[in-house]
Amino acid sequence: MEYGLNLCSTFTKYFIETANKYHLSEAEKTFIKSHQNDEITTLLLQAKKYPNINIPDLVLQIKARQKAKSKLPEWFENEEIIFPKMLSVEQCSSEITAKFKANLVSGEILIDLTGGMGVDIAYMSKSFENTFYFEQNTDLLEVTRYNFEQLGIMNVAFVKGNSVEKLSELGFVRLKDLRIEEEEKFSKFRRKNTWIYL
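Let me begin by describing the structure that accompanies this report. Everything numeric in this text was worked out from a predicted model, so none of it was measured.

1. Observations concerning the nonpolar core
Right, on to step 1. Core analysis: the biggest nonpolar cluster contains 28 residues, and L72, W75, F83, M117, V119 and F148 have the highest contact counts within it.
Right, on to step 2. Per-element tally for this core: the top contributor is helix α8 (residues 119–124), with five residues.
Right, on to step 3. Aside from chain neighbours lying at most four places away, what touches M117 is L72, W75, F83, P84, S88, V89, C92, L140, T144 and F148.
Right, on to step 4. With 12 residues, the next largest nonpolar core counts I32, I55, V59 and Y146 among its residues.

2. Here's the deal with the side chain of R65
Right, on to step 1. Structurally, R65 is set in helix α4 (residues 55–71).
Right, on to step 2. At 3.1 Å, the side chain of R65 forms a polar contact with the backbone oxygen of I81.

3. Description of the packing of aromatic side chains
Right, on to step 1. A complete count under the given rule lists three aromatic pairs for this structure.
Right, on to step 2. Ring centres 4.8 Å apart and planes at 55° place the aromatic pair Y133 and F158 in the tilted group. With a gap of 25 residues between them, Y133 in strand β2 (residues 128–135) and F158 in strand β3 (residues 156–160) connect regions that are remote in the sequence.
Right, on to step 3. Note on F158: relative accessible area 6%, which makes it buried.
Right, on to step 4. Aromatic pair F148 and F158: ring centres 5.6 Å apart, planes at 70°, arrangement edge-to-face. Of the two residues, F148 sits in helix α9 (residues 138–150) while F158 sits in strand β3, which places them 10 residues apart along the sequence.

Quick notes on the rules
- Residues numbered from 1 in each chain as written.
- Predicted model: local features only at pLDDT ≥ 70, side-chain atom pairs only at ≥ 80, totals over all residues.
- Heavy atoms only, no water.
- Core = buried A, V, L, I, M, F, W, Y, C linked by side-chain atoms within 4.5 Å.
- Buried < 20%, exposed > 50% of the residue type's maximum accessible area, 1.4 Å probe, protein only.
- Helix = DSSP H or I, 4+ residues; strand = E, 2+ residues; numbered from the N terminus.
- Contact = heavy atoms within 4.5 Å.
- Polar contact = N/O pair within 3.5 Å; in protein donor to acceptor, adjacent residues only side chain to side chain.
- Phe/Tyr/Trp six-rings, centres within 6.5 Å; stacked < 30°, edge-to-face > 60°.

This is the structure we're talking about:
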């Protein structure tokens, strides 16, 4: 436990503060809900009918929600969730897969080296005291952090930057340790109840 607390303290300067720019207005949420089953192309062609709404942005949200309805049902049901670019939605794990992975690991510290949309870490973090999410893309990191707040996930620290460089820089792991054989690498961290998720 002490090791986890020390790591939290060391990472403090890298934590990303909560931002308020990622949210949907009531009008936007209503529009998304009303058109969540509509054809995307048709909505784009009808953009002039909605002069006070940013149709291109909301169409991306609708398209992502259509994808998430079966892939991420809990996220789909939460109207506050903001989806990142479609590539992240397409590449993320499904909810059922993420829950399966979450049953395989537990411990004091979980480090996600390639955060992305954060679906896996959202469920895996429930089995850890401290979780660290790394992501180089600022917008993706901010959207994921906002979504975690909406989902009530509070034990994840968000760190912007290259995970390997940050971990090496902080002395938590040497670069060469991340190039050794998988089993040897993970056995080292398991002794500290720490998991690194790639």
